[in-house]
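Each chain is listed here by its residues.
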Amino acid sequence: MMPDLDEYKWIIPDFVWELDELIDFEKLIKALPDADDLAKLLPDFDKIGESFASLKGFLSPGYNLVSEVIGASDLLLLLGAPGETAFRATDQGYDNDKQFKKVSDKEKIDQLQEELLRTQLKYQRMLERLEKENKELRKLVLQRDDKGIHQRKLKKSLIDMYSEVLDILSDYDASYNTQDHLPRVVVVGDQSAGKTSVLEMIAQARIFPRGSGEMMTRSPVKVTLSEGPHHVALFKDSSREFDLTKEEDLAALRNEIEIRMRNSVKEGCTVSTETISLSVKGPGLQRMVLVDLPGVISTVTSGMAPDTKETIFSISKAYMQNPNAIILCIQDGSVDAERSIVTDLVSQMDPQGKRTIFVLTKVDLAEKNVASPNRIQQIIEGKLFPMKALGYFAVVTGKGNSSESIESIKEYEEEFFQNSKLLKTSMLKAHQVTTKNLSLAVSDCFWKMVRESVEQQADAFKATRFNLETEWKNNYPRLRELDRNELFEKAKNEILDEVISLTQVTPKHWEEILEKTLWERVSTHVIENIYLPAAQTTNSGTFNTTVDIKLKQWTDKQLPNKAVEVAWETLQEEFSRFMTEKKGKEHDDIFDKLKQAVKEETIKRHRWNERAEDSLRVIQHNALEDRSISDKQQWDAAIHFMEETLQSRLKDTESVIEDMVGPDWKKRWLHWVGRTKEQNIRNETKNELEKLIKCNEDHAAYLANDEVTTVRKNLEARGVTVDPCLIKDTWHQIYRRFFLKSALNHCNLCRRGFYYYQRHFVDSELECNDVVLFWRIQRMLAITANTLRQQLTNTEVRRLEKNVKEVLEDFAEDNEKKVMLLTGKRVQLAEDLTFIDSAELNPNFFFNLVKISYCCFLTSKVQLLPSH
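The model shown is predicted, which means the values in this text are computed figures rather than measured ones.

Visitor: Help me understand the overall build of the chain in this model?
Guide: Per the secondary structure count, the chain includes 35 helices and nine strands. Here the chain holds 868 residues, and 44% of them are scored as buried. Looking at the chain alone, contacts between residues at least 24 apart form 80% of all its contacts between residues at least 6 apart. Of the roughly 47600 Å² of accessible surface on the chain, a fraction of 49% belongs to carbon and sulfur atoms.

See below:
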């Protein structure tokens, strides 16, 4: 009835099944001492008990040597058995410790204590020798496995998978302002309390930058510890491995960490909330995830940002408020306890002490400088500070020399505690000292937390997904869940389709728009600077000469540039029309800001081909030189074009005159409006000038001085005082209206003049040179529009499409631009859903959560260490 467990062999590495091939257990067993030899090393507990009983007889009734007879179990407790649980003596050891009173005969008690210490040291050396052999064997197995002798299906260790989950959640927190509740060890303490040194002792390498009293930890540093054949470190976003056994690599690693910290700090700030992720692998390292935080300060010094103290407090609280975070509270033992800041902060975040481990550093300095050693005992027993903790530890992390190696620090720490009065007088217990015991305890507590919380985190994300899906269905039932990147891709395709639509515009449409727009731009120049001056000439030869000269000057200087400007503006208008045109129900206004930004950036980048003007100038010059109208249809078209132009100008001129002289009698009666004083003067001047034109219809375009004087005197005779400038200004509009009406009448006469034109107006008083001029202008407009259309469709539209693609590619790489242009509740909701979806599909996230949860379940069932 047992289930088939073959599918789950991947949980336990292959080399475990083949240990008997790799390790000679018989040789190992022979190397170990026999049970009889071990028994000989133990003291004779019966004789020790008899010695205490005999001592009791020498004492008076007022002095008792021992409150109770010490049994074998109590002696084992004094020995500090290495397999003992890290927190056992902290909460329960006080009831089992035997308190000795002072006796007159102290020599026998000293002998007993020395014998106990010698026995303890023997076992400690034996344990260290076995641990060293075990470490070498594990390193050998890991090296063989690392070389590929045993190919394992599961390449990543449990802690590596867990660290990847934390990294993904960290990125998610930074983007969406959420908080995960997965465990990590948060290292907090006052500045220069020894946080970094404790972390380096656990990692067994001097990996962090150091400074003499100044702030060095400027941002959170997440360190993932795991076991491996080589002692190396690497960053999450880099493939470079730093060999921690080489001093040059250690120096490079410290320098890289310092550079990353300084780069993460924004201008005007001292510390940063950005997390630096670092992985450290090595033989014998306890698997766990630690986060080193900036040290808590009490005063902001010069050179720091004013809000540095509050920022450090907020960072520390943000990490410690995680209900599953293990708080490693570091307290400097060499300073007065009353100066501690971090203990109050930790007691606020974890008042019951259910996830706090207290570490007293610099115990060597504390023992030397503290007048009362009982204060150290009070700290370790948790009676001095107003905080509770799971366990209390005392460590020594060096002599204060930054160049010390980890091995020398470990030797110094072991030597100190072997000779320390704190340990000899039982103020400290053996399992409460050294960073090695601390790392074992922290690792044990860490994996217990992981086991309890990882499934809760997975369930929380499933609940979050359900809530997000429900909100989407209620608010956007007919829309797909597209996140910001997917929306950008959809908008990109729409924009490119709209640009391609420019190539589908018919040539006729392009030419009509170009010809109409170009004439609107140049018509004023043609009428005012070419036609009207030439029309003042007395004969046709002078008229044609004047027209040719002015057309040549216009073509050389202005016309090609104006034509290119018109073409570019026309392309912009058509491009904008396609980009902003709503497509009925399919239109999605969420893309409007993006399309507008793409349009503006594309127009800003686009430049018309510089050689277009040169080729256009030659074409326009040739078109304007041609005077041969081939058929009656072209002649009638020129007549029509001339009539429309002149009528439009006449209408504008009459409007100007009406504004000058005010409303006529009909409007004054119907709308009950009057004229101003200046309009009355203008009206009298107009009437006088009209009389002058009636008297001489062949009058020149300008008034002579004597004529101005005559008009002024006539007006003064009627009681109207007029300035000569006003007379000339009014004459300009009156003569302009008279000329345009005469030109329209002449145009009507030329309707039947094509026959005379073919005979070059021989034997005819009719001359239609102005019609020929307008035909030349009309033909130039048509040829220019056709040339510009070809440039648009063959070159400029393609270049515009290329510019659009470049702009879209630049926007795609700029996340800030996408966030600014694609906004709204719909986008944010889709972003959250996409993260959940990608996490479920990501083997590094939810799959890892499932594997971690299952491995933790097996660990709890078969009592394996997490390293297994």
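Now that the structure has been shown, we can carry on.
Visitor: Would you take a moment to explain the nonpolar core for this structure?
Guide: Grouped burial of nonpolar side chains is what soluble globular proteins tend to show. Counting 101 residues, the largest nonpolar core has Tyr531, Trp554, Leu571, Val598, Trp635 and Ile777 as its most contacted members. Excluding residues within four positions of it along the chain, Trp554 makes contact with Val522, His525, Val526, Ile530, Leu559, Ile777 and Met780. By size, the runner-up hydrophobic cluster in this structure holds 46 residues, among which are Leu182, Phe208, Val280 and Val395.

Visitor: Got a minute to help me understand the pattern of salt bridges in this structure?
Guide: For the structure on display, the rule yields 34 salt bridges. Among the ionic pairs, Arg718 bridges to Glu688, the shortest N-O distance being 3.0 Å. Taken together, the residues span a long stretch of sequence, with Arg718 in the loop between α29 (705-717) and α30 (724-749) and Glu688 in helix α28 (residues 677-695) at a distance of 30 residues. The exposure class of Arg718 is partly exposed, given its relative accessible area of 42%.

Visitor: How should the packing of helix α26 (residues 632-661) against α28 be read in this particular structure?
Guide: Helix packing geometry: the angle between the two helix axes and the distance between the axes. At their nearest, the axes of α26 and α28 sit 7 Å apart, and the two run at 125 degrees to each other. As far as their axial angle goes, α28 and α26 are oblique. Together, Ile657, Asp659, Met660 and Val661 of α26 and Gln679, Arg682, Asn683 and Lys686 of α28 make up the contact between the two elements. The residue inventory of the contact of α26 with α28, partitioned by class, reads three nonpolar, two polar and three charged.

Visitor: Which parts of the structure should I look at to understand a negative patch on the surface?
Guide: A contiguous patch of negative charge, built from Glu128, Glu407, Glu411, Glu414 and Glu415, is present on the exposed surface. With four residues, helix α17 (residues 406-419) is the single largest residue contributor to the negative patch. Take Glu414: it is sitting in helix α17.

Visitor: What exactly am I supposed to notice about the sheet that holds strand β8 (residues 356-361) here?
Guide: Strand-to-strand pairing in sheets goes through backbone hydrogen bonds, with the strands running parallel or antiparallel. One open sheet holds the nine strands; their spatial order is β4-β3-β5-β2-β6-β1-β7-β8-β9, and the pairing between them is mixed. Two strands close off the open sheet at either side, each with one partner strand: β4 (242-243) and β9 (391-394).

Visitor: Is there a simple way to think about the state of the cysteines in this case?
Guide: Covalently bonding the sulfur atom of one cysteine to the sulfur atom of another cysteine gives a disulfide. Overall, the coordinates contain one disulfide when judged by the stated rule. At a sulfur-sulfur separation of 2.1 Å, the disulfide partner of Cys750 is Cys768. Linking Cys750 and Cys768, the disulfide has an S-S dihedral of approximately -100 degrees and is accordingly described as left-handed. Remark: Cys768 occurs in the loop between α31 (754-758) and α32 (769-813) and Cys750 occurs in the loop between α30 and α31; sequence separation between them is 18 residues. An identical accessibility class is assigned to Cys750 and Cys768; each is buried.

Visitor: In this structure, what is going on with unusual backbone geometry? I would like to understand it.
Guide: Residues apart from glycine generally show negative phi values, whereas peptide bonds are mostly found in trans. Backbone geometry places Ser192, a non-glycine residue, at a positive phi of 65 degrees. Checked against the element boundaries, Ser192 lands in the loop between β1 (185-189) and α11 (195-203). Of the residues examined, Ser192 reaches a relative accessible area of 44% and is grouped as partly exposed. One non-glycine residue, Gln204, adopts positive backbone phi at about 60 degrees. Inspection of the secondary structure puts Gln204 in the loop between α11 and β2 (221-227).

Visitor: Please clarify how the side chain of Ser197 should be interpreted in this entry.
Guide: Along the polypeptide, Ser197 turns up in helix α11. Ser197 sits in the buried class, given a relative accessible area of 13%. Excluding anything up to four places from it in sequence, Ser197 contacts Arg210 and Thr397.

Calculation criteria
- Residues numbered from 1 in each chain as written.
- Predicted model: local features only at pLDDT ≥ 70, side-chain atom pairs only at ≥ 80, totals over all residues.
- Heavy atoms only, no water.
- Helix = DSSP H or I, 4+ residues; strand = E, 2+ residues; numbered from the N terminus.
- Buried < 20%, exposed > 50% of the residue type's maximum accessible area, 1.4 Å probe, protein only.
- Contact = heavy atoms within 4.5 Å.
- Areas by Shrake-Rupley, 256 points an atom, 1.4 Å probe, with all protein chains shown as cover.
- Core = buried A, V, L, I, M, F, W, Y, C linked by side-chain atoms within 4.5 Å.
- Salt bridge = Lys/Arg side-chain N within 4 Å of Asp/Glu carboxyl O.
- Axes fitted to C-alpha atoms, helices over the stretch in contact; angles between N-to-C directions.
- Parallel < 35°, antiparallel > 145°, perpendicular 65-115°, else oblique.
- Nonpolar A, V, L, I, M, F, W, Y, C, P; charged D, E, K, R; others polar.
- Patch = residues over 30% accessible without salt bridge, like charges linked within 9 Å, V, L, I, M, F, W, Y side chains within 5 Å.
- Lys, Arg positive; Asp, Glu negative; His and termini not counted.
- Charge placed at Lys NZ, Arg CZ, Asp CG, Glu CD.
- Pairing = 2+ DSSP bridges.
- Disulfide = S-S within 2.5 Å.

These figures come from the coordinates and say nothing about function on their own.
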